[in-house]
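Listed here are the chains, written in short residue letters.
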Amino acid sequence: MDIAQTIERLGFRKWYEREWVRSHLHLVLMLLGLVGLFAAAEAYGDSRVWSDRALMGLCAAVSAAISLWALRRYLYLLLHAEDVAHQAVCPQCRAYAAWSLQGTDEGGRLCVRCNRCARRWDIHL
């Protein structure tokens, strides 16, 4: 689902909270991947058979790849949500997330209007 549609359906605060939770779930996945990486490294040192070592090396590589992907996703989601949150403050009355969505454009911008002072501005996604 599109970000603008999600914000329109849930509201900005709920969208922000969900993005924050999603990003931190990726952080947990990264930590679990690191546990798998360390466990595979431990098992690699204990095995004497070549096939077991190859399997542990493969497990370590997969765990490292999952950890790197999860870290990148964590940082992207968190920084994107923070960037949008910094733009959610009305430039005139400084009200945070007290706006209504007026529309979107093709450039990835949300056109919003403050509920307190009726000022319009764009939020870049």
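Below: a short report on this structure. Since we're looking at a predicted model, the values are computed, not measured.

## So, helix H1 (residues 3–10)
For the α-helix, the turn length of 3.6 residues means that residues three or four positions removed from each other point alike.
Then, in step 1: Considered for burial, the residues of H1 that qualify are Ala4, Thr6 and Ile7. Here the buried residues of H1 occupy an arc of 165° about the axis, which is enough to place them on one side. Of the exposed residues in H1, those oriented more than 90 degrees away from the buried face are Glu8 and Arg9.
Then, in step 2: Those residues of H1 hidden inside the fold are in contact with helix H2 (12–46), strand S1 (99–104) and strand S2 (109–114).
Then, in step 3: For H1, the side-chain oxygen to backbone nitrogen distance between the N-cap and Ala4 is 3.4 Å, and the N-cap itself is Asp2.
Then, in step 4: Phi turns positive, to about 100°, at Gly11, one or two residues after H1.

## Quick notes on the pairing of S1
Then, in step 1: Where S1 meets S2, 5 bridges bridge the pair, whose relative direction is antiparallel. Each residue of the ladder has a partner; that of Trp99, found in S2, is Cys114.
Then, in step 2: Hairpin connection, S1 to S2: the antiparallel pair is bridged by 4 residues, and Gly108 has positive phi, about 80°.

## A look at the side chain of Thr6
Then, in step 1: Here Thr6 shows up in helix H1.
Then, in step 2: Judged by its relative accessible area of 14%, Thr6 is buried.
Then, in step 3: A distance of 2.9 Å separates a polar side-chain atom of Thr6 from the backbone oxygen of Asp2.

## A look at the pairing of strand S3 (residues 120–124)
Then, in step 1: The alternating pattern of S3 places Trp121 and Ile123 on a buried face and Arg120, Asp122 and His124 on a face that is not buried.
Then, in step 2: In this sheet, S3 lies alongside S2 in antiparallel orientation, the contact comprising 5 bridges. Note that in S3 the partner of Arg109 across the bridge is His124.
Then, in step 3: Once S2 ends, the chain turns through 5 residues before running back antiparallel as S3, passing Ala118 with a positive phi of about 65°.

## Quick word on the packing of H1 against H2
Then, in step 1: It is the contact of H1 with H2, at a shortest axis distance of 6 Å, that shows an interaxial angle of 120°. Relative to H2, the element H1 lies oblique. Here H1 contributes Ile3, Thr6, Ile7 and Leu10 to the contact with H2, which in turn contributes Phe12, Lys14, Trp15 and Arg18.
Then, in step 2: For the contact of H1 with H2, the per-class residue count stands at 5 nonpolar, 1 polar and 2 charged.

## Some remarks on the pattern of salt bridges
Then, in step 1: Summed over the entire model, instances satisfying the criterion amount to 3 salt bridges.
Then, in step 2: A salt bridge links Glu19 to Arg22, with the nearest nitrogen and oxygen atoms 2.8 Å apart. Residue Glu19 and its partner Arg22 are located together in helix H2, separated by 3 residues, close to a single helical turn.
Then, in step 3: Take Arg22: its relative accessible area is 36%, and that puts it in the partly exposed class.
Then, in step 4: Between Arg109 and Asp122 there is a salt bridge whose closest N-O contact spans 3.5 Å. Pair noted here: Arg109 is in strand S2 and Asp122 is in strand S3, with a separation of 13 residues, a long-range link.
Then, in step 5: Three or more residues are tied together by salt bridges with common partners; here these are Asp105, Arg109 and Asp122.

What counts and how
- Residues numbered from 1 in each chain as written.
- Predicted model: local features only at pLDDT ≥ 70, side-chain atom pairs only at ≥ 80, totals over all residues.
- Heavy atoms only, no water.
- Buried < 20%, exposed > 50% of the residue type's maximum accessible area, 1.4 Å probe, protein only.
- Helix = DSSP H or I, 4+ residues; strand = E, 2+ residues; numbered from the N terminus.
- Arc of directions from axis to C-beta.
- Contact = heavy atoms within 4.5 Å.
- Polar contact = N/O pair within 3.5 Å; in protein donor to acceptor, adjacent residues only side chain to side chain.
- Pairing = 2+ DSSP bridges.
- Axes fitted to C-alpha atoms, helices over the stretch in contact; angles between N-to-C directions.
- Parallel < 35°, antiparallel > 145°, perpendicular 65-115°, else oblique.
- Nonpolar A, V, L, I, M, F, W, Y, C, P; charged D, E, K, R; others polar.
- Salt bridge = Lys/Arg side-chain N within 4 Å of Asp/Glu carboxyl O.

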